[in-house]
Amino acid sequence: MKKNYLFKVLKLEFLLLAVIFFGVYLSFVSGYGSDEDTLALIGAFESMLSGGRVMASRFTPYPVAEIGIGFLSYQLGSWAANLTTFIFLIAGCVLFYIGLNKKYSLNDLTVFLILCLSNPILFFDNIEPIDYSWALVSLGAGIFFLKKRYFELAVILFGICIGTRINFVLFIFFIIFFYQFNNKIKIQRKIIIFL
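About the criteria used
- Residues numbered from 1 in each chain as written.
- Predicted model: local features only at pLDDT ≥ 70, side-chain atom pairs only at ≥ 80, totals over all residues.
- Heavy atoms only, no water.
- Helix = DSSP H or I, 4+ residues; strand = E, 2+ residues; numbered from the N terminus.
- Salt bridge = Lys/Arg side-chain N within 4 Å of Asp/Glu carboxyl O.
- Core = buried A, V, L, I, M, F, W, Y, C linked by side-chain atoms within 4.5 Å.
- Buried < 20%, exposed > 50% of the residue type's maximum accessible area, 1.4 Å probe, protein only.
- Contact = heavy atoms within 4.5 Å.
- Axes fitted to C-alpha atoms, helices over the stretch in contact; angles between N-to-C directions.
- Parallel < 35°, antiparallel > 145°, perpendicular 65-115°, else oblique.
- Left-handed = near helix turned anticlockwise from the far one by under 90°.
- Nonpolar A, V, L, I, M, F, W, Y, C, P; charged D, E, K, R; others polar.
- Patch = residues over 30% accessible without salt bridge, like charges linked within 9 Å, V, L, I, M, F, W, Y side chains within 5 Å.
- Areas by Shrake-Rupley, 256 points an atom, 1.4 Å probe, with all protein chains shown as cover.
- Expected span 1.5 Å × (residues − 1).

1. Overview of the environment of Gly99
And then number 1: Mapped onto the elements of the fold, Gly99 is located in helix 4 (residues 78-100).
And then number 2: A sequence separation of 45 residues divides Gly99 from Phe144, and the C-alpha atoms of the two residues are 4.1 Å apart.

In structure tokens:
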């Protein structure tokens, strides 16, 4: 029975590694992808470099993503921005899972990652430079540090998350005010953290 369980766990980990290696491979060969926002992010970074008029990538600027993705693309090329984005997706999922679960196991985390990476929208959108996984990794780290009661680090990471993608402010609001962490956080502290 124990040998059977171990074999199932190893199969899951092998499947996860295969999916990750496939994502890494695609990060190197896929170029900048088909998302038109990528070019706007890189253009915003180049306008910052030129010292002239700063062009926002969208209606509102997203400085963290514009600087991060723009710098990697400008200095190293599409593979660096793609690979960083894909790594941030995996790291963000891990931190999100650990931050929101009171009890977890490596097997459960492996299944969660396989479920996330087997979604073609999540997988293929995050092997090109896009800012959602950049915001997710900051959100996940912020949740993790909030759970551990490192409030200042959580606030900084939530700020980076909002600076990457402003619509994540809704997720941060619900996590701070409605999620019950192991140690109860007083409402006054929650308001200060959110502000």
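2. Section: the pattern of salt bridges
And then number 1: As enumerated under the stated definition, the model contains 1 salt bridge in all.
And then number 2: Measuring nitrogen to oxygen at the nearest pair gives 3.1 Å for the salt bridge that ties Asp131 to Arg165. In this pair, Asp131 sits in the loop between helix 6 (120-125) and helix 7 (132-147) while Arg165 sits in the loop between helix 8 (151-164) and helix 9 (169-178), placing the two residues 34 residues apart along the sequence.

3. Here we look at the nonpolar core
And then number 1: Phe86, Leu117, Leu139, Leu146, Phe158 and Ile176 are the most contacted members of the largest nonpolar core, which has 33 residues in total.
And then number 2: Mapped by element, the contributors of at least two residues to this core are helix 1 (2-29), helix 4, helix 5 (106-117), helix 7, helix 8 and helix 9.
And then number 3: Ranked by residue count, the leading element in this core is helix 4, at 7 residues.
And then number 4: Setting aside its immediate chain neighbours within four residues, Leu117 contacts Leu16, Val19, Ile20, Phe86, Leu89, Ile90 and Phe123.
And then number 5: Judged by nonpolar contacts, the second largest core, of 7 residues, contains Ala65, Leu72, Ala81 and Trp134.

4. A closer look at the environment of Val94
And then number 1: By secondary structure assignment, the location of Val94 is in helix 4.
And then number 2: As a C-alpha pair, Val94 and Thr110 span 16 residues in sequence and 9.2 Å in three-dimensional space.
And then number 3: For Val94, the residues in contact, after removing those within four places along its chain, are Leu109 and Leu113.

5. Examining unusual backbone geometry
And then number 1: The phi dihedral of Arg149 falls on the positive side, at around 70 degrees, and the residue is not glycine.
And then number 2: The exposure class of Arg149 is partly exposed, given its relative accessible area of 34%.

6. Focus: the packing of helix 7 against helix 9
And then number 1: In the contact formed by helix 7 and helix 9, the axes pass within 11 Å of each other and the chain directions differ by 15 degrees. On the basis of their axis angle, the class for helix 7 and helix 9 is roughly parallel. For the pair helix 7 and helix 9, the crossing hand works out as right-handed. From helix 7, Leu139, Ile143 and Leu146 reach across to helix 9, where they touch Phe171, Ile172, Ile175 and Ile176.
And then number 2: Grouping the amino acids of the contact of helix 7 with helix 9 by side-chain chemistry returns 7 nonpolar, no polar and no charged.

7. Side note on the packing of helix 8 against helix 9
And then number 1: Where helix 8 contacts helix 9, the axes come no closer than 9 Å and their chain directions differ by 150 degrees. As the angle between them shows, helix 8 and helix 9 are arranged roughly antiparallel. Listed contacts from helix 9 to Phe158, Cys161 and Ile162 of helix 8 are Val169, Ile172 and Ile176.
And then number 2: Residue classes in the contact of helix 8 with helix 9 are distributed as 6 nonpolar, no polar and no charged.

8. Overview of helix 9
And then number 1: Taken together, the buried positions of helix 9 are occupied by Ile172, Ile175, Ile176 and Phe177.
And then number 2: Contact partners of the buried residues in helix 9: helix 4, helix 7, helix 8 and helix 10 (187-194).

9. What to know about a nonpolar patch on the surface
And then number 1: Taken together, Phe22, Tyr25, Phe28, Val29, Leu76, Trp79 and Phe124 make up a surface patch of nonpolar side chains, about 730 Å² in accessible area.
And then number 2: The element contributing the most residues to the nonpolar patch is helix 1, with 4 residues.
And then number 3: In this structure Phe124 comes out as partly exposed when scored by relative accessible area, which is 42%.

10. Regarding helix 8
And then number 1: Taking 1.5 Å per residue, 14 residues should reach 20 Å; helix 8 reaches 20 Å between its end C-alpha atoms and fits that length.
And then number 2: When helix 8 is considered as a whole, its buried residues turn out to be Phe151, Ala154, Leu157, Phe158, Cys161, Gly163 and Thr164.
And then number 3: Buried residues in helix 8 make contact with helix 3 (63-75), helix 7, helix 9 and helix 10.

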